[in-house]
Amino acid sequence: MTLFNNAITACTSRLLSMKTMGVSSFGMVFCRTLMKTHRGALKRWRQTSTGFKRGIAGRKHGNIGWSHRSLKSLTGRTDAHPTQMKRLRRLMPYK
């Protein structure tokens, strides 16, 4: 929330400084918009010191008849692949 307040303050200060400089109030003032966090990615991924981690897929339902050894290998967390890092940083810019 503080990041949003800082952006609003910066935009209003630009408007006030332009009025004192004699610029028309009908002029265009461009303020950098904030990026949005992708909520689906935020719920599925957690940030670590070196990257991101997620749960392993395939363990939620439909596991009757599977061996305990194969189900045990699907527990826990796994790290993001290096090719996913750029996309994850773009989806979650403020994490």
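For the structure, check the block above.
Here's what I pulled together on the structure shown here. The structure displayed is predicted, hence computed values, not measured ones.

Our focus in this paragraph is the overall build of the protein. Helix and strand counts for the protein stand at four helices and three strands. Along the protein, helices and strands appear, N-terminal first, in the series α-α-β-β-α-β-α. Expressed as a percentage of its 95 residues, the buried residues of the protein come to 15%. Taking as baseline every contact in the protein between residues at least 6 positions apart, the subset at least 24 positions apart corresponds to 52%. Carbon and sulfur atoms make up 58% of the accessible area of the protein, which amounts to about 8,300 Å² in all.

You can see Asn 63 is positioned in the loop between strand E2 (52–55) and helix H3 (68–72). Of the residues examined, Asn 63 reaches a relative accessible area of 15% and is grouped as buried.

What the largest pocket holds in volume is close to 160 Å³. Along its surface, the largest pocket is lined by Gly 55, Ile 56, Ala 57, Gly 58, Arg 59, Lys 60, Leu 74, Thr 75, Gly 76 and Arg 77. Per-class residue counts for the lining of the largest pocket are three nonpolar, four polar and three charged.

This part covers the nonpolar core. In globular proteins that are soluble, nonpolar side chains generally tend to be buried together. One finds Ala 41, Leu 42, Trp 45, Phe 52, Ala 80, Met 85, Leu 88 and Met 92 forming the largest nonpolar core, which totals eight residues. Discounting chain neighbours no more than four positions away, the residues touching Phe 52 are Trp 45, Arg 46, Gln 47, Thr 78, Asp 79, Ala 80, Met 85, Leu 88, Arg 89 and Met 92.

Rules and cut-offs
- Residues numbered from 1 in each chain as written.
- Predicted model: local features only at pLDDT ≥ 70, side-chain atom pairs only at ≥ 80, totals over all residues.
- Heavy atoms only, no water.
- Helix = DSSP H or I, 4+ residues; strand = E, 2+ residues; numbered from the N terminus.
- Buried < 20%, exposed > 50% of the residue type's maximum accessible area, 1.4 Å probe, protein only.
- Contact = heavy atoms within 4.5 Å.
- Areas by Shrake-Rupley, 256 points an atom, 1.4 Å probe, with all protein chains shown as cover.
- 1 Å grid on protein atoms, 1.4 Å probe; cavity = no way out; pocket = protein on both sides within 12 Å on 5 of 7 lines; lining within 4 Å.
- Points joined across faces, edges and corners; volume = space filled by probe spheres on them.
- Nonpolar A, V, L, I, M, F, W, Y, C, P; charged D, E, K, R; others polar.
- Core = buried A, V, L, I, M, F, W, Y, C linked by side-chain atoms within 4.5 Å.

All quantities given are derived from atomic positions and should not be read as evidence of function.
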